[in-house]
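Descriptive analysis of the structure
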Amino acid sequence: MDNVQIIEKTISFVKQTLKEAEGGHDWFHIQRVFNNAMLIAKDETKASPLVVGLGALLHDIADSKFHQGDETIGPKIAQNFLESLAVQPSVIKQVVAIINNISFKGGNFKQTYQSLELHIVQDADRLDAIGAIGIARCFNYGGFKNRKLYDPEVSPNLQMSKEQYKNSQSPTINHFYEKLLQLKDRMNTETGKRIAEKRHAFMELYLEQFYAEIEGER
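First things first, this report covers the structure right here in the doc. (Residues numbered from 1 in each chain as written. Predicted model: local features only at pLDDT ≥ 70, side-chain atom pairs only at ≥ 80, totals over all residues. Heavy atoms only, no water.)

1. Observations regarding the packing of aromatic side chains
The following threshold applies: Each Phe, Tyr or Trp ring (for Trp, its six-membered ring) is paired with any other whose centre lies within 6.5 Å, and the angle between the two planes then decides the class: stacked below 30 degrees, edge-to-face above 60, tilted in between. Secondary structure counts use DSSP, requiring at least four H or I residues in a row for a helix and at least two E residues in a row for a strand, with both numbered from the N terminus. Burial status follows relative accessibility: with a 1.4 Å probe on protein chains alone, a residue under 20% of its type maximum counts as buried, one over 50% as exposed, and anything between as partly exposed.
One pass over the structure, following the stated rule, counts 9 aromatic pairs. For the ring pair F139 and F176, a centre distance of 6.0 Å and an interplane angle of 50° mean the geometry is tilted. You can see F139 sitting in helix α7 (residues 131-144) and its partner F176 sitting in helix α9 (residues 174-178), a full 37 residues away along the chain. For the pair shown, F139 and F176 are each scored as buried.

2. Description of the packing of helix α2 (residues 27-43) against helix α3 (residues 49-58)
Heads up, the rule is: Only the contacting stretch of a helix is used when fitting its axis, a line to C-alpha atoms as for every element, and angles between N-to-C directions run 0 to 180 degrees. For classification purposes, angles smaller than 35 degrees are called roughly parallel, those larger than 145 roughly antiparallel, those between 65 and 115 roughly perpendicular, and all remaining angles oblique. Each crossing gets its hand from how the near helix is turned against the far one by less than a right angle, where anticlockwise is left-handed and clockwise is right-handed. Contact between two residues is taken to exist if any of their heavy atoms lie within 4.5 Å; hydrogens are not considered. Each residue gets one of three labels, nonpolar for Ala, Val, Leu, Ile, Met, Phe, Trp, Tyr, Cys and Pro, charged for Asp, Glu, Lys and Arg, and polar for the others, Gly among them.
Relative orientation of the contacting elements α2 and α3 amounts to 155°, with a least axis distance of 8 Å. Comparing their axes, α3 and α2 come out roughly antiparallel. For the pair α2 and α3, the sense of crossing is right-handed. Contacts from W27, I30, V33, F34, A37, M38 and A41 of α2 reach α3 at P49, V52, G53, A56 and L57. In terms of residue class, the contact of α2 with α3 is built from 11 nonpolar, 1 polar and no charged.

3. Points about the nonpolar core
Here is the rule: Working definition of a nonpolar core: buried Ala, Val, Leu, Ile, Met, Phe, Trp, Tyr and Cys residues. They are joined through side-chain atoms within 4.5 Å.
Grouped together as the largest cluster of nonpolar side chains are 57 residues, with contacts concentrated most on V14, L54, L58, L82, V95, I130 and F176. Of all the elements in the fold, those that place two or more residues in this core are α1 (3-17), α2, α3, α4 (73-84), α5 (89-101), α6 (116-127), α7 and α10 (190-214). Those residues in contact with L54 that lie beyond four places of it in its chain are I6, I7, T10, L82, V91 and V95.

4. With respect to the environment of M203
Position of M203 among the secondary structure elements: in helix α10. Expressed as a C-alpha distance, the spacing of M203 and A132, which sit 71 residues apart in the sequence, is 7.4 Å. Excluding its chain neighbours within four sequence positions, the residues that come into contact with M203 are I130, G131, I135, F176, L180 and L181.

5. What to know about the pattern of salt bridges
Put simply, the rule is: A side-chain nitrogen of Lys or Arg and a carboxyl oxygen of Asp or Glu constitute a salt bridge if their distance falls within 4 Å.
A complete count under the given rule lists 5 salt bridges for this structure. Between D128 and R32 there is a salt bridge, with its nearest N and O atoms 2.7 Å apart. Here D128 is found in the loop between α6 and α7, whereas its partner R32 is found in helix α2, with 96 residues between them in sequence. Note on R32: relative accessible area 22%, which makes it partly exposed. Of the charged contacts in the structure, one is a salt bridge between K193 and E190, with a shortest N-O distance of 3.5 Å. Here the residue K193 and the residue E190 both occupy positions in helix α10, the gap between them amounting to 3 residues, near one helical turn. Each of R32, D128 and R137 takes part in one network of salt bridges that share partners.

6. Brief notes about α5
To keep things clear, this is the line we draw: The span one expects for a helix is its residue count, reduced by one, times 1.5 Å.
Taking 1.5 Å of rise per residue, the 13 residues of α5 would be expected to cover 18 Å, and the 18 Å separating its terminal C-alpha atoms lies within 8% of that figure. For α5, the complete set of buried residues consists of V91, I92, V95, V96, A97, I98, I99 and N101. Buried positions along α5 lie against α3, α4 and α6.

7. Re the packing of α1 against α2
Packing of α1 against α2 brings their axes to within 9 Å, and their N-to-C directions diverge by 150°. The angle between the axes of α1 and α2 places the two elements in the roughly antiparallel class. Taken as a pair, α1 and α2 cross one another with a handedness that is right-handed. For the pair α1 and α2, contact is made by I7, I11, V14 and K15 and by W27, I30 and F34, respectively. Grouping the amino acids of the contact of α1 with α2 by side-chain chemistry returns 6 nonpolar, no polar and 1 charged.

8. Thoughts on the side chain of N101
Topologically, N101 is positioned in helix α5. Once you skip the residues sitting within four places of it in the chain, N101 turns out to touch Q111, T112, Y113, L118 and Q122.

9. Thoughts on α7
Its 14 residues give α7 an end-to-end C-alpha distance of 20 Å, which sits within 8% of 20 Å, the value for a rise of 1.5 Å per residue. Every buried residue of α7 is accounted for by G131, G134, I135, R137, C138, F139, Y141 and G142. The secondary structure elements touched by the buried residues of α7 are α2, α9 and α10. Phi turns positive one or two residues past the end of α7, at N146, with a value near 60°.

Below, the structure is given as structure tokens:
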């Protein structure tokens, strides 16, 4: 089976697996991350397109947020699927490592694995968390978790541990400060950084308007 067929079969598998997923983590999120990743990979010519593509397609195959915080399910599903396609063990190992290390996890998580392919997929995923789509996804997930939109009595916590971040129930607007606004400066690639600048500026403009409306602008 050649690389094109492997990618095609993976796309079909992900579409089927995530057909009932929450709107911010569904197939269309995966598709956007995949497209972002392949765009960045064009400028990072030393990266393996196959590893980047598979990492992007499978990075949220079983997000721990929707599996009682279990971070082992996604990597297992991905590994079993790729083994069923007889993908090279070295490729599978890299893809599983991407899935295990891609998440933000409160921003204070020490990432021990590094690779160019991880950096590309991580940037692609983070780009989908900011800008217009990022804002939509943020409030969609907040609604899914029945969180408040805004509460001036609850301040953002920028020093959360991984466990605190996973279990946080803070208002959705706090998530901008606890994660989204931090992502621009955490981009790995030059392409990711360039795209993130524009999306970050859009979020800042959105927050300016949000608070103006909270105060009853005239």
